[in-house]
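# Observations on the three-dimensional arrangement
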Amino acid sequence: MVRERTRVLNLVQAINEALDLALARDERVLVFGEDVGRLGGVFRVTEGLQAKHGESRVFDTPLAESGILGLAIGLAMGGMRPVAEIQFAGFLYPALDQILSHLGRWRHRSRGRVGLPVVVRAPYGGGVHTPEQHADSPEAFLCHTPGVKVVIPASPERAKGLLLSAIEDEDPVFFLEAIKLYRGARAEVPEGYYTLPLGKARVVREGKAATLIGYGGMVEVMLEAAEVAQREGVEVTVVDLETLVPLDEDTLLEAVRATGRAIVVYEAMRTGGFGAEIAARIAEGAIDHLQAPVLRVAGYDAPYPPFSAIEHLYRPNARRVLAALRKVLTY
Amino acid sequence: MKLKPVAYLERGEFPLEEGEALRLYRAMRRARFFDEKAVTLQRQGRLGVYPPFMGQEAAQVGVALALGEGDFVVPSYRESALLLAKGLPIHVLLLYWRAHPAGWGFPQGFRGVNPYIPIATQIPQAVGLALAGRYRGEDWVVAVSIGDGGTSEGDFHEGLNFAAVFSAPVVFLVQNNGYAISVPRSRQMRVDYIARRAEGYGMPGVVVDGNDAFAVYLEAKKAVERARRGEGPTLLEALTYRLAPHTTSDDPSRYRTREEEEAWRKKDPILRLRKALEERGLWDEERERGLLEELEEEFQRELALADQAPEPRPEEIVEHVYKEMGPDQRRAHEALRRGLHVEEAW
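Residues numbered from 1 in each chain as written. Chains lettered and ligands numbered in written order. Predicted model: local features only at pLDDT ≥ 70, side-chain atom pairs only at ≥ 80, totals over all residues. Heavy atoms only, no water.

## Quick look at the overall build of chain A
Basically, it comes down to this: Put simply, DSSP marks the helices as runs of H or I at least four residues long and the strands as runs of E at least two long, and each gets a number from the N terminus on. Radius of gyration here uses only the C-alpha atoms, and the compact-globule reference equals 2.2 Å multiplied by the residue count raised to the power 0.38. Any residue under 20% of the maximum accessible area for its type is buried, any over 50% is exposed, and the rest in between are partly exposed; the area is computed with a 1.4 Å probe on protein chains only. In this analysis, two residues are considered to be in contact whenever any of their non-hydrogen atoms come within 4.5 Å of each other. With residues, only the protein chains shown are counted as cover, and all accessible areas are computed by Shrake-Rupley using a 1.4 Å probe. Only four residue types enter the charge count, namely Lys and Arg as positive and Asp and Glu as negative; His and the chain termini do not. Charge placement uses NZ in Lys and CZ in Arg. For Asp and Glu, CG and CD serve respectively.
Summing up its helical and strand segments, chain A has 13 helices and 14 strands in all. Here the C-alpha radius of gyration of chain A, 19 Å, is about what a compact globule of 331 residues would show, namely 20 Å. The dimensions of chain A, computed from C-alpha atoms along their principal axes, are 60 × 45 × 45 Å. Burial status across chain A gives 63% buried among its 331 residues. Expressed as a percentage of contacts within chain A between residues at least 6 apart in sequence, the contacts between residues at least 24 apart total 82%. For chain A, the accessible area works out to roughly 12500 Å², and carbon and sulfur atoms hold 51% of it. Distance between charge centroids for chain A: 2 Å, based on 37 positive and 42 negative side chains.

Shown next as structure tokens:
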């Protein structure tokens, strides 16, 4: 693919650009949520979009998450392509009924007659000292919902193309954005409209010793651990799942088979987290290749701590990944 | 402010043209006919659990007939009459309550959606659907219905508030039948009329005698016209009663008295309207018999159509989850199609 000019953007700018392009390209696209209009979003992701595309295309809603999801569902039923923002993924909980009972089910319960091309964007994850509830990683709830797709980009360049694919997709897509990456991640982002396929994992680094698997904000943590390990002569593979549902099991299993050791990294609560699903898939599909148990590096089985001083202990970091790596290498 | 239910029949008033009144009656009688047949079919094991609406025909049919062809209905589970009166074929509705895939995707072009089982969740969705019409330059109105119990849910509040804020062309029909399964209205809320809540959202609230087809129909028409003119939503509360159990699995004798049921039976919306028609010489025993024969014929024809629907294929379990099957659905689909359990095909 010929890539046109690129500029260095952060995640906020890349997503803003994707929304801007989608609004310009398809008049059925609507962007709404709390504070997305005049304010441009609490993280400024939607900055300038209302001024450019008008108040009917980019608008603020009353403060009500279930209402926002319900509105999105109805708009999609009526032929629109809503892109709803939930201010923090931890605020999706009041809308879970809309998500589980309807957003994920309508295509199935209408036997294909009613598809809901809805995108729900929400920032998630910790590492930036937010108040209670603001750092939750609820992707497992969403992945456990048949009928929705779940995408979690790890870089600005990926985010832009994946979000445009999500908006084009005929099914509902949750697009979770790691808060830590909003201004922390910067990368060369191509200009103009481009899409990246959903449902594909990507191998971002290759090595023979072990495979680290994660997504979103954990990719840079895995890469940092990989750098340190390399200095000690240990080369690891790093897989960015990127789309959790539908899962690219082939890429995942191929990477694990090649190294025989796997560590799954996710910042949600450990039990029942999406990493548990990955570990199970590896057990089902690559057990013969394993030379050590699959380890998980995850949050603790407790709410994400709102206490800044110890927050860093909950969220997986490179040191914890390296500790797990030592364990699987010496098993 | 004192609210007073709008009513015509009990005062002997006849505010409709004769043709319109007859149309209402026939649609209500047809709905009742369906309801009775559905309960019988359930008893014979030829239908799944079924929630009868008997007694609420005026509320549902009154609203359905007040809508234009391009308008939508977004019903709760007790609203088969709303769907029928809007034009959903009987065999599709039978297949829906048979939990047969062929009844779960209403015919292309039908302006209504599957009944909602979770309570009140359809309310904000109806608002979105109404706004979609505005974006598309169409003037469709959405009638969304709910029971009195459903008004206790948060989604009811969120939906009404959204509708008012966005001035959405929606008619909210609350069929206040006095009970949320067994919980009486007095344990559900401490307001006299649910329509009173409309003021708190900034929209008109109207109470009608829900067993008075004229009252429901005329007030619904006003609300639809108002919505179509761009003046926003209306909350229409129909005071009514379900003469039957909550579902075919429910026993209302545990929470209602026979006296109460008898008192409401006297206000049966179909008998009331029939009496009014008879008094004006528009209806009689012979016409009634003719109509029932017609309905029986239609029902048998539709039942035969429903019976002809092929058995669902096992692999339909994983169809229509996504527009394109993902790898997990594909694997399961292949296994089910081959008559295997997915574990065997792994």
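What follows picks up the thread again.
## What about the layout of surface pockets?
Applied cut-off: In this analysis, the protein atoms alone were mapped onto a 1 Å grid. Cavities are point sets where a 1.4 Å probe fits without being able to get out; pockets are open sets with protein on both sides within 12 Å along at least five of seven lines; lining residues have an atom within 4 Å of a point. Grid points are joined across faces, edges and corners, and a volume is the space filled by probe spheres set on the points. Basically, the charged four are Asp, Glu, Lys and Arg, the nonpolar ten are Ala, Val, Leu, Ile, Met, Phe, Trp, Tyr, Cys and Pro, and anything else, Gly included, counts as polar.
Considering only enclosed or pocket space, the largest pocket measures out at about 620 Å³ in volume. Lining the largest pocket are 26 residues, and of these C143(A), E277(A), R281(A), D328(B) and Q329(B) sit closest to its centre. Top contributing element to the lining of the largest pocket by residue count: helix 12 (residues 327–337) of chain B, with 5 residues. Class assignment for the residues of the lining of the largest pocket results in 16 nonpolar, 6 polar and 4 charged.

## Observations concerning the interface of chain B and chain A
How we decide: When two components associate, each loses some accessible surface as probed by a 1.4 Å sphere; the sum of these losses over both components is called the buried area. What counts as a salt bridge is simple: a side-chain nitrogen of Lys or Arg found within 4 Å of a carboxyl oxygen of Asp or Glu. We define a polar contact as two N or O atoms separated by no more than 3.5 Å, with the added condition that, inside protein, one atom must be a possible hydrogen donor and the other a possible acceptor, whereas residues neighbouring each other in sequence contribute only through side-chain atom pairs.
Taken together, the contact pairs 45 residues of chain B with 45 residues of chain A. When the two sides are added together, the surface that chain B and chain A hide from each other amounts to roughly 3500 Å², 59% of it contributed by carbon and sulfur. The partner of R111(A) in a salt bridge is E316(B), and the shortest N-O contact between them spans 3.6 Å. Across the contact surface, chain B and chain A share 23 residue pairs in polar contact (both at pLDDT 80 or more). For the side of chain B that touches chain A, the elements supplying multiple residues, two or more each, are helix 5 (122–135), helix 6 (154–165) and helix 12 of chain B. Broken down by element, the residue count for the side of chain B that touches chain A peaks at 8 residues, all from helix 5 of chain B.

## Digging into the pairing of strand 11 (residues 236–240) of chain A
Residue and element names in this part refer to chain A. Worth spelling out the cut-off: Strand pairing is assigned whenever DSSP identifies at least 2 bridges connecting the two strands.
Within strand 11, 5 of the 5 residues are buried, which leaves it mostly tucked inside the rest of the structure. Alternating residues of strand 11 divide into V236, V238 and D240 and T237 and V239, and every residue in both groups is buried. Looking at chain direction, strand 9 (residues 202–205) and strand 11 are connected through 3 bridges and run antiparallel. Note on strand 11: the bridge partner recorded for R205 is V238.

## Quick look at the pattern of salt bridges
The full count for this structure, using the stated rule, is 51 salt bridges over all chains. Here E191(A) makes a salt bridge to R5(A), at a shortest N to O gap of 3.3 Å. Placement of the pair is E191(A) in the loop between strand 8 (186–190) and strand 9 and R5(A) in the segment before strand 1 (6–10), with a sequence separation of 186 residues. In this structure E191(A) comes out as partly exposed when scored by relative accessible area, which is 27%. Assessed through its relative accessible area of 60%, R5(A) is described here as exposed. In this structure, D209(B) and R272(B) form a salt bridge, with 3.0 Å as the shortest nitrogen-oxygen distance. One end of the pair, D209(B), is in strand 6 (residues 205–209); the other, R272(B), is in helix 10 (residues 269–279), with 63 residues separating them in the sequence. Taking the relative accessible area as the measure of exposure, R272(B) reaches 14% and is therefore buried. One network of salt bridges, with partners in common, ties together R5(A), R7(A), E17(A), K160(A) and E191(A).

## Remarks on the confidence of the model for chain B
Here is the rule: Within a predicted model, pLDDT stands for the predictor's per-residue confidence, ranging from 0 to 100.
Of the residues in chain B, 99% reach a pLDDT of 70 or more, and the chain-wide mean stands at 96. The ipTM for the predicted assembly is 0.96, set against a pTM of 0.96.

## Comments concerning the packing of aromatic side chains
Here a ring pair, both rings aromatic, is described through the centre-centre distance and the interplanar angle of the planes. Rules: Note on aromatic pairs: the rings of Phe, Tyr and Trp (six-membered ring only in Trp) are paired at centre separations within 6.5 Å, and the planes decide the class, stacked below 30 degrees, edge-to-face beyond 60, tilted for the rest. In this scheme, the term charge over a ring applies when either NZ of a lysine or CZ of an arginine sits within 6 Å of the ring centre and within 35 degrees of the ring normal.
What the rule picks out here adds up to 25 aromatic pairs over all chains. Taking the centre distance of 5.0 Å and the plane angle of 75 degrees together, the rings of F72(B) and W140(B) count as edge-to-face. With F72(B) in strand 1 (residues 72–74) and W140(B) in the loop between helix 5 and strand 2 (142–147), the pair connects residues that are 68 residues apart, well separated along the chain. Judged by relative accessible area, F72(B) falls into the buried class, the value being 12%. Among the residues examined, W140(B) registers a relative accessible area of 5% and is labelled buried. Through a chain of ring-to-ring contacts, three or more aromatic side chains come together here, namely F33(B), F34(B), Y50(B), Y96(B), W97(B), W104(B), F106(B), F110(B) and F299(B). We note R25(A) situated over the ring of Y193(A); from NZ or CZ to the ring centre the distance is 3.9 Å. Between R109(A) and the ring centre of W106(A), over which it is positioned, the NZ or CZ distance is 4.5 Å.

## Structural notes on the nonpolar core
This is how the line gets drawn: Definition of nonpolar core: a set of buried residues of the types Ala, Val, Leu, Ile, Met, Phe, Trp, Tyr and Cys, connected through side-chain atoms within 4.5 Å.
One finds L241(A) and F172(B) to be the most contacted residues of the largest nonpolar core, which totals 124 residues. The contacts of F172(B), once residues within four sequence positions are left out, are I123(B), V127(B), V144(B), G159(B), L160(B), A163(B), M203(B), P233(B), T234(B), L235(B) and L236(B). Counting residues in hydrophobic clusters, the runner-up holds 71 residues, among them L65(B), A66(B), I90(B) and A276(B).

## Thoughts on the pairing of strand 5 (residues 119–124) of chain A
Residue and element names in this part refer to chain A. Counting buried residues in strand 5 gives 6 out of 6 residues, a clear majority hidden from the surface. Residues V119, R121 and P123 line one face of strand 5 and the alternating positions V120, A122 and Y124 line the opposite face, and both faces are buried. Two strands pair when backbone bridges link them, and strand 4 (residues 81–85) and strand 5 are joined in this way by 3 bridges, in the parallel orientation. By the bridge assignment, A84 is partnered in strand 5 with V120. Alignment of strand 5 against strand 7 (residues 173–178), held across 6 bridges, turns out to be parallel.

## Points about the packing of helix 10 (residues 249–259) of chain A against helix 11 (residues 274–286) of chain A
Residue and element names in this part refer to chain A. We count it as follows: For every element, the axis is a line fit to its C-alpha atoms; helices are fit only across the contacting stretch, and the angle between N-to-C directions ranges from 0 to 180 degrees. In these notes the angle categories are as follows: under 35 degrees is roughly parallel, over 145 is roughly antiparallel, 65 to 115 is roughly perpendicular, and the rest is oblique. Helix crossings get a hand from a simple test, with the near helix turned counterclockwise from the far one by less than a right angle marking a left-handed crossing and a clockwise turn marking a right-handed one.
Taken N-terminus to C-terminus, the directions of helix 10 and helix 11 make an angle of 70 degrees; their axes are 10 Å apart at the nearest point. Considering the angle they form, helix 10 stands roughly perpendicular to helix 11. In the packing of helix 10 onto helix 11, the handedness of the crossing is right-handed. From helix 10, E249, L252, L253, V256 and R257 reach across to helix 11, where they touch I278, R281, I282, G285 and A286. Of the residues belonging to the contact of helix 10 with helix 11, the class tally is 6 nonpolar, 1 polar and 3 charged.

## Quick notes on helix 4 (residues 90–97) of chain B
Because each turn of an α-helix spans 3.6 residues, side chains separated by three or four positions in sequence point in the same direction. Most of helix 4 of chain B sits out of view: 8 of its 8 residues are buried. Its buried side turned inward, helix 4 of chain B meets helix 5 (106–109) of chain A together with helix 1 (18–43), helix 3 (80–86) and helix 11 (285–307) of chain B.

## Focus: the side chain of R256(B)
All names here are of chain B. Here R256 is to be found in the loop between strand 7 (234–239) and helix 9 (258–265). Of note is the side chain of R256, whose polar atom sits 3.0 Å from the backbone oxygen of R242. A polar side-chain atom of R256 sits 3.4 Å from the main-chain carbonyl oxygen of A244. Setting aside residues up to four positions removed in sequence, R256 forms contacts with Y179, Y241, R242, L243, A244 and E261.

## Re the sheet that holds strand 6 of chain B
Residues and elements named next belong to chain B. Ordered in space as 1-2-3-7-6, the 5 strands form an open sheet in which the pairing is parallel. Strand pairing shows two members of the sheet lacking a second neighbour, strand 1 and strand 6, which therefore form its edges. Strand-to-strand twist of the sheet, defined as the mean angle between neighbouring strand axes without regard to direction, takes the value 20 degrees. The sheet contacts of helix 6 involve strand 2, strand 3 (170–176) and strand 7, and relative to strand 3 the element is tilted by about 150 degrees.

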